[in-house]
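Listed below, chain by chain, are the residues.
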Amino acid sequence: MRICLVSETWPPDINGVAHTLSHLTNQLHSRGVTLQLVRPRQAGYSKKHHEIQSELLVRGITLPGYREVRLGLPAPRRLLQLWQEQPPTVVYLATQGPLGWSARRIAQRLNIPVVAGWHTNFDHYCHDYHVSWLAPTVLNMLRRFHNGCTTTLAPTQALTAALASQGFQRLAVMGRGIDTEQFSPRQRSSLLRAQWGVDEHQPVALYVGRLAPEKNLSLLEESCRALLDSHPDMALVIIGDGPARQRLERTLPHAHFIGFVPHEALPSYYASADLFLFPSLSETWGNVVLEAMASGLAVVAFKHAAAAELIDHERNGLVISPGDNASFHHAAVTLCQQPQRYAQLGEAARQRALEYRWSAIADTFLNVLQQAQENAHESAHPCSI
């Protein structure tokens, strides 16, 4: 099988799409799949990944508010030339920007089956960035994009059902995995905890994610202040960057703002904490929830996306009804005061995370792409009676 991946984002970008594609690429390469990549050129970074056999770099523009991500511009002529010379068996569209639309049109012109991934709820972002009036238009565009593909892969059953109710067709589920050797309680670091000013008996609450409006950061602020009021000698650690960082630094002066952490160092930060707070409701999955669970942390999150799929309330974490902010920070404050309880929840979370291997996720991905290939072949060569 020859698979072409088309994406606006790619490692070393730090986001869920790049993270998922990186792991899928490693798995597919190990199985002998020929991989082609189409992506925007990244400023200051041109290294080709050894798993990729051929790569087409296109022009891009910076996405407002997301300086680290470049939006790929349409490249129909270059895509047509590439796929006429090196035709893929299947095209996988990871993003729905101008480059994705361009790739979908050329693939259809050449009768190449197209599978798309639903990685980001772009229509929800309209509400977070105060342009709610745009949400119906964005949703209509997304529906046109995905219904023009052979299959759309969404990360959870709940999201698949929600999309189906909105008129999206030919949906399938592909979850996300975790490297449980890399993300493990064994990565706990007394040195890191000392830098945060705590010993083994003082709790550390951690947040990992982009510091932007769509992450529900006002609730993170409220919860952190409530935690400090109840437990003044604890530590708050916030990993990530974004347009809201300066404001958060002003409102949470006692928190440790780490910024972006290299992926190889991130497991130690997780494992050195005790609780993981994740108030976001914008995720389609939320890799950080699974990373925290694999690291043995007690997670407090809304019953949404990955948390809804992975967490059994009071057994391996705490999940709160979406939008119930008061219950969210009450749960965080109460848990922070119960070290034996958050240790038990963290141990159970680790056991749950062990069930999510990237090898199994790659199996699902390949099966869907192979089915798309077979369906395209049958359509091109109908049986005669």
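For the structure given in this document, a descriptive report is provided here. Starting afresh in each chain, residues are numbered from 1 along the sequence in its written order. For a predicted model such as this one, the threshold for reporting local features is a pLDDT of at least 70, and the threshold for listing and counting side-chain atom pairs is 80 or more; totals across whole chains, interfaces and linings nevertheless cover every residue. Excluding hydrogens and water, the side-chain figures rest on all heavy atoms present in the structure.

**Description of the sheet that holds strand E2 (residues 34-40)**
Argument step 1. In space, the seven strands of this open sheet follow the order E3-E2-E1-E6-E7-E8-E9, with parallel pairing throughout. Here the strands that pair on one side only, and so sit at the sheet edges, are strand E3 (54-58) and strand E9 (171-173). The mean angle between the axes of side-by-side strands here comes to 20°, regardless of whether they run parallel or antiparallel.
Argument step 2. With four bridges joining them, strand E1 (residues 2-6) and strand E6 (residues 90-93) adopt parallel strand pairing. Residue Leu5 lies in a different strand from E6, and its bridge partner there is Tyr92.
Argument step 3. Any pair of residues with heavy atoms lying within 4.5 Å of one another is described as a contacting pair. Think of each axis as a best-fit line through the C-alpha atoms, taken over the contacting stretch in the case of a helix, with angles from 0 to 180 degrees between the N-to-C directions. Helix numbering and strand numbering both begin at the N terminus, where a helix is a DSSP run of H or I of at least 4 residues and a strand a DSSP run of E of at least 2. Of the strands in this sheet, E1, E2 and E6 are in contact with helix H1 (residues 16-30), which crosses E2 at around 155°.
Argument step 4. Along the sheet, helix H3 (residues 98-109) makes contact with E1, E2, E3, E6 and strand E7 (114-117), crossing E6 at roughly 160°. Two strands qualify as a pair provided that DSSP identifies no fewer than 2 bridges between them.

**Some thoughts on empty space enclosed by the protein**
Argument step 1. Throughout, the protein atoms alone are placed on a 1 Å grid, and a set of points is a cavity if a 1.4 Å probe fits but cannot get out or a pocket if it is open with protein on both sides within 12 Å along at least five of seven lines; lining residues have an atom within 4 Å of a point. Grid points are joined across faces, edges and corners, and a volume is the space filled by probe spheres set on the points. If you walk through the whole model with that rule in mind, you get one cavity of 30 Å³ or more.
Argument step 2. Here the largest cavity defines a volume of roughly 50 Å³.
Argument step 3. Contributing to the lining of the largest cavity are Phe278, Ser280, Glu283, Trp285, Val289, Ala301, Phe302, His304, Ala305, Ala306 and Ala307.
Argument step 4. Going through the elements one at a time, strand E14 (298-302) and helix H12 (305-310) are the ones with two or more residues in the lining of the largest cavity.
Argument step 5. Among the elements that make up the lining of the largest cavity, the one with the highest residue count is H12 (three residues).
Argument step 6. Nonpolar residues are Ala, Val, Leu, Ile, Met, Phe, Trp, Tyr, Cys and Pro. Charged residues are Asp, Glu, Lys and Arg, and all others, Gly as well, are polar. A class-by-class count of the residues in the lining of the largest cavity yields eight nonpolar, two polar and one charged.

**Looking at the environment of Glu291**
Argument step 1. Inspection of the secondary structure puts Glu291 in helix H11 (residues 287-294).
Argument step 2. For the pair Glu291 and Gly323, spaced 32 residues apart in sequence, the C-alpha to C-alpha distance is 23 Å.
Argument step 3. With near-sequence residues (within four places) excluded, Glu291 lies in contact with His19, Ile178, Phe183, His263, Leu266 and Tyr270.

**Concerning the side chain of Arg104**
Argument step 1. Tracing the chain through its elements places Arg104 in helix H3.
Argument step 2. Among buried Asp, Glu, Lys and Arg side chains, Arg104 stands out as unpaired, with Glu8 the closest opposite charge at 12 Å.
Argument step 3. Among the polar contacts made by the side chain of Arg104, one reaches the main-chain carbonyl oxygen of Phe145 at a distance of 3.0 Å.
Argument step 4. Arg104 has contacts with Leu93, Val114, Arg144, Phe145, Gly148 and Cys149, leaving out every residue within four places of it along the chain. Each residue is placed in one exposure class: buried if its accessible area under a 1.4 Å probe, protein chains only, is under 20% of its type's maximum, exposed if it is over 50%, and partly exposed if it falls in between. Residues scored as positive are Lys and Arg, those scored as negative are Asp and Glu, and His as well as the terminal groups of each chain are ignored. Any Lys or Arg side-chain nitrogen found within 4 Å of a carboxyl oxygen on Asp or Glu counts as a salt bridge. Throughout this description, a polar contact denotes any pair of N or O atoms lying within 3.5 Å of each other; where both atoms belong to protein, one of them has to be capable of donating a hydrogen while the other can accept it, and for residues adjacent in sequence the pair is counted only when both atoms sit in side chains.

**Quick word on the nonpolar core**
Argument step 1. To define a nonpolar core, start from buried Ala, Val, Leu, Ile, Met, Phe, Trp, Tyr and Cys residues and group those joined through side-chain atoms within 4.5 Å. Residues Leu206, Leu227, Tyr270, Phe276 and Leu310 are the most contacted members of the largest nonpolar core, which totals 69 residues.
Argument step 2. With seven residues, helix H8 (residues 217-230) is the largest single contributor of residues to this core.

**Quick notes on the environment of Leu211**
Argument step 1. Position of Leu211 among the secondary structure elements: in the loop between strand E10 (204-208) and H8.
Argument step 2. Residues Leu211 and Gln86, spaced 125 residues apart in sequence, show a C-alpha to C-alpha distance of 40 Å.
Argument step 3. Excluding its chain neighbours within four sequence positions, the residues that come into contact with Leu211 are Leu217, Ile238, Gly240, Asp241, Gly242, Pro243, Ala244, Arg245, Leu248 and Phe257.

**Section: the pattern of salt bridges**
Argument step 1. Throughout the structure, instances matching the rule amount to 15 salt bridges.
Argument step 2. Between Arg193 and Glu200 there is a salt bridge, and its shortest N-O distance comes to 3.4 Å.
Argument step 3. In this structure Arg193 comes out as buried when scored by relative accessible area, which is 1%.
Argument step 4. Assessed through its relative accessible area of 45%, Glu200 is described here as partly exposed.
Argument step 5. The closest approach of N and O atoms between Arg247 and Glu221, which form a salt bridge, is 2.2 Å. Of the two residues, Arg247 is situated in helix H9 (residues 245-251) and Glu221 in helix H8; the sequence distance between them amounts to 26 residues.
Argument step 6. On the basis of relative accessible area, Arg247 is assigned to the partly exposed category, the value being 35%.
Argument step 7. By relative accessible area, which is 7% here, Glu221 ends up buried.
Argument step 8. Overlapping salt bridges, with partners in common, bring together Arg188, Arg193, Glu200 and Asp274 in one network.

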